[in-house]
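Structural overview for review
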Amino acid sequence: MDQSAHLQFSPATFDRAGSGVIQGLFTFGLFLLLYIVWLLPDVIVYVPFLLVGLVGAYVVFHYPLLNLSVVLSLFVLIVDFEEGIQIREVFYGLYYLSFLTHWFVTRLFIRRQVVFQRFEDKILIVFLFLITISLFVTLLFDGTLSAARGEWISLSLLAFYFPIREAITEYRHGLMVILIVIAWIGFFVLIRNVFMYREILLSATYAYQITHGRAVTNEGLLLVPAMLALVFYLFSDGLTARASLLIAFLFFLAGLILTQSRGYWVAFLIGGGFLFLLVPRKYKVKLLSTGFLAGGLILGLGIIFLGDFVLIVVSGLLDRFLSIGSASFADISLINRFLESKAVLAKIIQNPILGYGMGVPYSVYDITYELTVTKSFVHNGYIALWYKFGLWGLSMILLFFGFVMYRAYAVFRFDSGVTIARVCCLGVLACFAAFAVSANTSNPFYNNDLMFIYALLAGIAGGCYTLSCNRLTK
């Protein structure tokens, strides 16, 4: 008998071995926990939560779709921007890295699946590999590894594209689960921002504090559900569904407006214009009428929730909206970003191919504080990619998202009828059109929330395209 045959393991063998390893680690963790509690009795209050977490992790890792929905939904733990590293951020970081590691190991080495099927799949995985080894470039150009770590974590969230795409293609309700996750995260951000804005209004002592009050966090996590709700509203027929989607759209759009982020206001309008160009003629009138209806209803909501503050708030919002046209030469913050881009481009010219790596600082004169500052963050997303990863990194990201948009367009253009997949892909196209604009002034490749929502949108497009191809081949 060929002895090499004894070295071949079936998936069932790996599953049993994996379960044994998990049980062994679980037992070891219990003994380790008891030892820690014995040395640090003050932390005993956290023991029940830790035990529940361990049991929960053991359960969800046996159900892939449940595991994916949990890890995506718990992203709300890290949507806040706080100084330092929070315990919940450590927990989520360990969870999502464990999830991705488990997913790739089981698919590539145990099930021997072809994970990287299409051109964009290969581009993305090579890009993620190259940015990881580019940490040596960071050291070469005297960058800081702590800053590079944060940037790497943000970009690594793009790896969620692969399990999201698989969930949509392998599970009957996979696409609906992803849409529910997007809605859940959007509502979480909306409610949190409303409470933040309420605190601003209640603590204001002068009118300008009300007109300039902003809940400016996670705008992208509000833009996406607003756009998707709008698209589904356009194509829905049932009265209950239309009413529910219209209400959801109004609340998400109102939340986006309250951020007072002009870049995302313009981005949403661009996305809406892109949507107007793509939809059939009978939906164009509906889209325009929805815009006017939304304006009136949002004003009504403002009167209900803001009361006496509504006139002051509306005047402040109008003033900020009307300032968009003069922002390029009158807004000191935007001018600063232009000067920042100019300084970074000067460095790019010296090293356009390789790039400088993540966490490598540059210097620029800040006209707000009237001094030269040294930092690694670049507001323009495209220039930031070029500066950090050279032409290779910029090209790979543009190619990846270019192919993702092509897949979404193919589903919308060639699928027949009004299907969830087709409507989703139209929403994906509108969202990416919007983000393509906002990336000029708000770097998405540095922020966890935007890379996370980018991965969800890309996974939706990839999964829906696979479903469409499967239907055509049957």
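Below or above, wherever it landed, is the structure these notes cover.

The rules behind each value
- Residues numbered from 1 in each chain as written.
- Predicted model: local features only at pLDDT ≥ 70, side-chain atom pairs only at ≥ 80, totals over all residues.
- Heavy atoms only, no water.
- Salt bridge = Lys/Arg side-chain N within 4 Å of Asp/Glu carboxyl O.
- Buried < 20%, exposed > 50% of the residue type's maximum accessible area, 1.4 Å probe, protein only.
- Helix = DSSP H or I, 4+ residues; strand = E, 2+ residues; numbered from the N terminus.
- Phe/Tyr/Trp six-rings, centres within 6.5 Å; stacked < 30°, edge-to-face > 60°.
- Lys NZ or Arg CZ within 6 Å of the ring centre and 35° of its normal.
- Patch = residues over 30% accessible without salt bridge, like charges linked within 9 Å, V, L, I, M, F, W, Y side chains within 5 Å.
- Areas by Shrake-Rupley, 256 points an atom, 1.4 Å probe, with all protein chains shown as cover.
- Pairing = 2+ DSSP bridges.
- Axes fitted to C-alpha atoms, helices over the stretch in contact; angles between N-to-C directions.
- Parallel < 35°, antiparallel > 145°, perpendicular 65-115°, else oblique.
- Left-handed = near helix turned anticlockwise from the far one by under 90°.
- Contact = heavy atoms within 4.5 Å.
- Core = buried A, V, L, I, M, F, W, Y, C linked by side-chain atoms within 4.5 Å.
- Disulfide = S-S within 2.5 Å.
- Nonpolar A, V, L, I, M, F, W, Y, C, P; charged D, E, K, R; others polar.

**Looking at the pattern of salt bridges**
Taken as a whole, this structure holds 6 salt bridges when the rule is applied. Residue R118 pairs with E120 through a salt bridge whose shortest N-O separation is 3.3 Å. The class of R118 is buried, set by a relative accessible area of 13%. When the shortest N-O distance is used, the salt bridge between K388 and E151 registers 3.3 Å. Within this pair, whereas K388 is found in helix α18 (residues 381-414), its partner E151 is found in helix α7 (residues 145-156), the two being separated by 237 residues in sequence. Classification of E151 by relative accessible area gives buried; the value is 3%. When salt bridges that share partners are traced, they join R118, E120 and R407 into one network.

**Examining the packing of aromatic side chains**
The description of two aromatic rings rests on the distance between their centres and on the angle between their planes. Counted according to the given criterion, the structure contains 30 aromatic pairs. Their ring planes at 40° and their centres at 6.3 Å tell us that F91 and Y95 sit as a pair that is tilted. Of this pair, F91 and Y95 both sit in helix α4 (residues 87-110), 4 residues apart, which is roughly one turn of the helix. Given a relative accessible area of 11%, Y95 falls into the buried group. An aromatic cluster of three or more residues is present, and its members are W103, F104, F116, Y161, F162, F400, F401, F432, F435, F445 and Y454. Geometry around F276 places K284 over its ring, the cationic atom sitting 4.7 Å from the centre. Stacked on the ring of Y356, the Lys or Arg K347 has its end atom at 4.9 Å from the ring centre.

**Here's the deal with unusual backbone geometry**
Phi is positive for R112, which is not a glycine, with a value near 55°. Even without a glycine there, the phi angle at D142 is positive, about 60°. Within the element layout of this structure, D142 appears in the loop between α6 (135-140) and α7.

**Looking at a nonpolar patch on the surface**
On the surface, F129, I133, F136, L139 and L145 cluster together into a nonpolar patch covering about 530 Å² of accessible area. Elements with a minimum of two residues in the nonpolar patch: α5 (119-133) and α6. Along the chain, F136 turns up in helix α6.

**Describing the pairing of strand β1 (residues 362-366)**
The two faces of β1 differ: Y362, V364 and D366 on one face are buried, but S363 and Y365 on the other face are not. Relative to strand β2 (residues 371-375), β1 is paired through 5 bridges, and the arrangement is antiparallel. Looking across to β2, one finds that S363 is bridged to T374.

**Looking at the packing of helix α17 (residues 332-350) against α18**
Between α17 and α18, the least distance of the axes is 10 Å, while the angle of their chain directions is 30°. By the angle between their directions, the pair α17 and α18 is classed as roughly parallel. When the axes of α17 and α18 are compared, the crossing they make is left-handed. Here α17 contributes S341, V344, L345, K347 and I348 to the contact with α18, which in turn contributes I383, W386 and Y387.

**What to know about the nonpolar core**
L72, F160, F249, F435 and I460 are the most contacted members of the largest nonpolar core, which has 110 residues in total. At 14 residues, helix α11 (residues 219-235) tops the list of elements feeding residues into this core. Those residues in contact with F160 that sit more than four places away from it in its chain are V71, L72, Y92, Y96, F99, L100, F452 and A455. If you look at the next biggest cluster of nonpolar residues, it comprises 10 residues, including V344, Y356, V364 and V378.

**Some remarks on the state of the cysteines**
Tallying each qualifying case throughout the model produces 0 disulfides. The thiol sulfur of C424 is not disulfide-bonded, and the nearest other cysteine sulfur, from C464, lies at 5.4 Å. A residue is classified by how much of its surface remains accessible, and C424, at 1% relative accessible area, is buried.

**Here's the deal with the environment of F400**
Looking at where F400 falls in the secondary structure, it is placed in helix α18. Using a relative accessible area of 1% as the deciding quantity, one classes F400 as buried. On a C-alpha basis, the gap between F400 and F119 in space is 8.3 Å, while along the polypeptide they are 281 residues apart.

**Describing the packing of α11 against helix α13 (residues 262-278)**
The geometry of α11 relative to α13 is characterised by a closest axis approach of 11 Å and an angle of 25° between their N-to-C directions. Viewed along their axes, α11 and α13 adopt a mutual orientation that is roughly parallel. Handedness of the α11/α13 crossing: right-handed. Of the residues in α13, those in contact with E219, G220, L223, A226, M227, L230, V231 and L234 of α11 are Y264, A267, F268, G271, G272 and L275. Split by residue class, the contact of α11 with α13 holds 10 nonpolar, 3 polar and 1 charged.

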